[in-house]
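Per-entry structural report
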Amino acid sequence: MTESQVVGHVRRALERGEGGRIVTPNVDILRQARDSAAVRDLLCGADLVVADGMPLVWASRLARTPVPERVAGSSLIWSLSSGVADDGRSVFLIGGEPNRGANGAERAASKLAGACPGLRIAGCLSPAYGFERRPDELEAVCREVVEAKPDLVYVGLGFPKQEWVISALADHLPFTWFLGCGAAINFVAGDARRAPAWMQRTGLEWVHRLVGEPRRMARRYLGHDAPYAMRLLAGAMLGRVR
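Figured I'd write up the structure that's included with this text.

Procedures and definitions
Chains are numbered independently. Their residues run from 1 in the order of the written sequence. This being a predicted model, a pLDDT of at least 70 is required before a residue's local features are given, and a value of 80 or more before pairs of side-chain atoms are given or counted; all residues contribute to the totals for chains, interfaces and linings. Each side-chain value is worked out from all heavy atoms of the structure, with water and hydrogens disregarded. The helix and strand labels rest on DSSP assignments: H or I over at least four residues marks a helix, E over at least two residues marks a strand, and numbering proceeds from the N terminus. Radius of gyration here is computed from C-alpha atoms only, and the compact-globule reference equals 2.2 Å multiplied by the residue count raised to the power 0.38. The classification of residues rests on relative accessible area computed with a 1.4 Å probe and restricted to protein chains. Under 20% of the type maximum is buried, over 50% is exposed, and intermediate values are partly exposed. Only heavy atoms matter for contacts: two residues are in contact if any of them lie within 4.5 Å across the pair. Residue burial considers only the protein chains on display, and all accessible areas are found by Shrake-Rupley using a 1.4 Å probe. Just so you know, the count uses Lys and Arg for positive and Asp and Glu for negative, and it drops His and the chain ends. To locate a charge, the coordinates of NZ of Lys, CZ of Arg, CG of Asp or CD of Glu are taken. Pairing between two strands is assigned when DSSP locates at least 2 bridges connecting them. The reported bend at a residue is simply the angle between two axes, fitted to the 7 residues ending at it and to the 7 residues beginning with it. Surface patches are defined over residues having more than 30% relative accessible area and no salt bridge, joining like charges when they lie within 9 Å and nonpolar side chains (Val, Leu, Ile, Met, Phe, Trp, Tyr) when within 5 Å. Any carboxyl oxygen of Asp or Glu that lies within 4 Å of a side-chain nitrogen of Lys or Arg is treated as forming a salt bridge with it. Axis angles are defined between N-to-C directions and span 0 to 180 degrees, where every axis is a line fitted to C-alpha atoms and, for a helix, only to the segment in contact. Remark: nonpolar core denotes a set of buried residues (Ala, Val, Leu, Ile, Met, Phe, Trp, Tyr, Cys) joined through side-chain atoms within 4.5 Å. A crossover gets the label right-handed when its path from the first strand over the helix to the second runs clockwise, viewed with the strands pointing away from the viewer.

Some points on the overall build of the protein
The number of helices and strands found in the protein is twelve helices and six strands. Relative to the compact-globule value of 18 Å for 242 residues, the protein shows a C-alpha radius of gyration of 18 Å, a close match. Burial statistics for the protein: of 242 residues in total, 50% are counted as buried. In the protein, the share of contacts with a sequence separation of at least 24, taken over all contacts with a separation of at least 6, comes to 72%. About 12,000 Å² of surface is accessible on the protein, with carbon and sulfur atoms providing 54% of the total. If you average the places of the 31 positive and of the 26 negative side-chain charges in the protein, the two averages end up 8 Å apart.

Notes on the pairing of strand β6 (residues 177-180)
The alternating pattern of β6 places Trp177 and Leu179 and Phe178 and Gly180 on opposite faces, both of which are buried. With three bridges connecting them, strand β1 (residues 20-23) and β6 associate as parallel partners. Each bridged residue has a counterpart across the sheet, and for Gly20 the counterpart in β6 is Trp177. Note that strand β5 (residues 152-156) and β6 share four bridges and pair parallel.

Notes on helix α12 (residues 214-241)
Of all the bends found along α12, the most pronounced is centred on Asp225 and spans about 40°, while Pro227, a proline, follows it within four residues. Among the residues making up α12, those that are buried are Met217, Tyr221, Asp225, Tyr228, Ala229, Leu233 and Ala236. Considering only its buried residues, α12 is in contact with α2 (27-35), α4 (54-62) and α11 (205-212).

Examining a nonpolar patch on the surface
On the surface, Trp198, Leu204, Trp206 and Leu222 cluster together into a nonpolar patch covering about 380 Å² of accessible area. You can call Trp198 partly exposed: its relative accessible area is 47%.

Looking at the side chain of Thr2
Its location among the elements puts Thr2 in the segment before α1 (3-16). When residues no more than four places from it in sequence are discounted, the contact partners of Thr2 are Pro68, Glu69 and Val71.

So, the sheet that holds β5
To summarise the sheet geometry, strands pair through backbone hydrogen bonds and adopt either a parallel or an antiparallel arrangement. Ordered in space as β2-β1-β6-β5-β3-β4, the six strands form an open sheet in which the pairing is parallel. Both outer strands of the open sheet, β2 (48-49) and β4 (120-125), are each paired with one neighbouring strand and no more. Across five bridges, the pairing between strand β3 (residues 90-95) and β5 is parallel. What sits directly across from Val91, in β5, is Leu152. Here helix α5 (residues 73-85) sits on the sheet and contacts β1, β3, β5 and β6; the angle it forms with β5, its principal contact strand, is near 160°.

Section: the nonpolar core
Counting 32 residues, the largest nonpolar core has Val6, Ile22, Ile77, Leu80, Leu93, Tyr154 and Trp177 as its most contacted members. Beyond its immediate stretch of four places on either side in the chain, Leu93 contacts Ala105, Ala108, Ala109, Leu112, Gly123, Cys124, Leu125, Tyr154 and Ile185. Counting residues in hydrophobic clusters, the runner-up holds 16 residues, among them Ile94, Leu157, Ala170 and Phe178.

So, the pairing of β5
Of all five residues in β5, five are buried; the element is thus mostly enclosed. In β5, alternate side chains face the same way, and those of Leu152, Tyr154 and Gly156 on one face and Val153 and Val155 on the other are all buried. Once the chain exits β5 it traverses helix α8 (residues 161-170) before rejoining the sheet at β6, and the crossover so formed is right-handed.

What about unusual backbone geometry?
Cis rather than trans, the peptide bond between Phe159 and Pro160 has omega equal to 5°. Mapping Pro160 onto the fold places it in the loop between β5 and α8. Even without a glycine there, the phi angle at Arg64 is positive, about 60°. Relative to the elements of secondary structure, Arg64 occurs in the loop between α4 and α5. With relative accessibility at 56%, the residue Arg64 sits in the exposed group.

Quick look at the structure:
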């Protein structure tokens, strides 16, 4: 699907009273899925799986099974909000920086509401780091979301933590759609800057994040993801030649 088709699909499903989950795998998530059955189950359990990463788009084209375009969680948070705002629906945000005055989720929610007239904010939470490992805190977060009964929930906690939280919520909210959106809430709140559009188009968004957070991202991008991306592209090319 294209990004606009994803938005249309979610809006129609909500109109029918059907919920679901969206997962946006990138190179790092596919690398984890290669080695972990639990991660593969998270992907297979989603209703929509779209490619968040240009290397995935390129590999699909090389393999002659092309996806139409990159669909990033950082873009979907805006396009979905705009789409469901036209229907007067509600969103709940989980994630963002917890310790900067008004928390990150609150600031992101305010910006989304300002940009998308008609959007209702059902709630927003920026839980303390590690809350998912503390049963009482996880239960409190889940309780607040369930009681709000939102139409759409954005969970920006990083993969796979955000998918674990979504799994804890989904059975209690069968009419709700969930999007695991990584750093998107931080981007919307203004606590982090997304790469320029030209870097997004050319598959260099990871360079922008590496420069911004070298100590945290170097091992992931240079030690794990870049070699995996090269193997992915080479494998797709080899399959095409064969």
